[in-house]
Amino acid sequence: MADAQAVAEAVAERLLQERRASRQRPLGLATGRTMVPVYGALRRQFGRLRAPEQQAIRQGWLSFNLDEYVGLAPTDPGSFAAFMADQLQGPLGLAPAQVQLPDGLTADPRQEAGRYRQALVAAGGIGLQLLGLGSNGHVGFNEPPCGPEAPCRCLALSAATRAQNAAAFGGDAGAVPRQAITLGLAEILAAERILLVVTGAAKATILRRALLDPPCPEVPASWLQHHPRLGVLVDRAAAAALPPAC
Ligand code: GLP
């Protein structure tokens, strides 16, 4: 696709289609800069629907986000809970419980990871999983090295990831929390369908490695190659290192 905006419109259409389908498992949602235009397009497309359709989507909505920083309250502007409240839950008029995230303020992150995994299982597992791609090949916060069986867990964030995400913390990598709770590759690969969304020239090399190199723990996203229903939506800049046939 030509650019990030075209990708965002296409992803938003897929998400809304998914929410209109009769047999619904929860959506798996992602955060990050890649997703800002996606949720913008989703809000606009949702706003153009007729009121009864909007209401049906609202009523049926249930989503589970991939991850959350440990130690941040949902009101902290750096938290993924705040991101989702601003980008999606508030504007679409959803109840907070319809947009699930791990509890960043938990006193026991290990136990919270187990609870979150169980809540997802009880809801039927993910239907469509939306994914971005970290510059180091992570998906969710599954930092390298990471195998395909890694479960939902609390883990330490790499220096590279904390630097990558510093913009949401006033540009200060030191202010980025050191730990996060993330769905594992196990829960991600158990989704019915996966949609990987990658935009921008900075991701071209890691995208090529993720899609074309043999799967390996050093590039956690490469395990997505094992998924039978993986869709990949990229703009021209991110696709620059892929062979023309891809
Ligand atoms: C973040 C998130 C991922 C996200 C990725 C890419 O750390 N945990 O879910 O997909 O890194 O982020 P961005 O879109 O800002 O490049």
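The structure we're discussing is the one just above.
Everything quoted here is computed from the prediction, not taken from an experiment.

**Focus: the overall build of the protein chain**
In terms of helices and strands, the protein chain carries 8 helices and 9 strands. Taking 18 Å as the expected radius of gyration for a compact globule of 246 residues, we find that the protein chain reaches 17 Å, a close match to that expectation. Summarising its shape, the C-alpha atoms of the protein chain cover approximately 50 × 45 × 35 Å along the three principal directions. Residue burial in the protein chain is summarised as follows: out of 246 residues, 52% are buried. Put simply, of all contacts in the protein chain between residues at least 6 apart along the chain, 77% involve residues at least 24 apart. Considering the protein chain, the positive charge centre built from 23 side chains and the negative charge centre built from 20 side chains are found 5 Å apart.

**Observations regarding the side chain of Asp67**
Secondary-structure assignment places Asp67 in strand 3 (residues 67-69). Comment: no salt bridge for buried Asp67; closest opposite-charge side chain is Arg153, at 10.0 Å. Polar side-chain contacts of Asp67 include one of 3.4 Å to the backbone nitrogen of Phe141. When neighbours within four sequence positions are excluded, Asp67 is seen to be in contact with Thr31, Phe80, Leu101, Pro102, Gly140, Phe141, Ile181 and Thr182.

Definitions and cut-offs
- All residue numbers here refer to positions counted from 1 along the written sequence of the relevant chain.
- Given that this is a predicted model, residues contribute local features only at a pLDDT of at least 70 and side-chain atom pairs are listed and counted only at 80 or more, while totals for whole chains, interfaces and linings are drawn from all residues.
- Side-chain measures were taken over the full set of non-hydrogen atoms in the model, leaving aside hydrogen atoms and water.
- Secondary structure elements follow DSSP: runs of H or I of four or more residues count as helices, runs of E of two or more count as strands, with numbering from the N terminus.
- In this setup the radius of gyration rests on C-alpha atoms only. A globule is expected at 2.2 Å times the number of residues raised to 0.38.
- Relative accessible area decides the class of each residue, using a 1.4 Å probe on protein chains only: under 20% of the type maximum gives buried, over 50% gives exposed, and in between gives partly exposed.
- Residues are treated as being in contact if the distance between any of their heavy atoms lies within 4.5 Å.
- Positive: Lys, Arg. Negative: Asp, Glu. His and the chain ends are not part of the count.
- The location of each charge is read from NZ of Lys, CZ of Arg, CG of Asp or CD of Glu.
- Any Lys or Arg side-chain nitrogen found within 4 Å of a carboxyl oxygen on Asp or Glu counts as a salt bridge.
- Polar contacts, as counted here, are pairs of nitrogen or oxygen atoms within 3.5 Å of one another; within protein the pair requires one atom able to donate a hydrogen and one able to accept it, and residues that are adjacent in sequence qualify only if both atoms are side-chain atoms.

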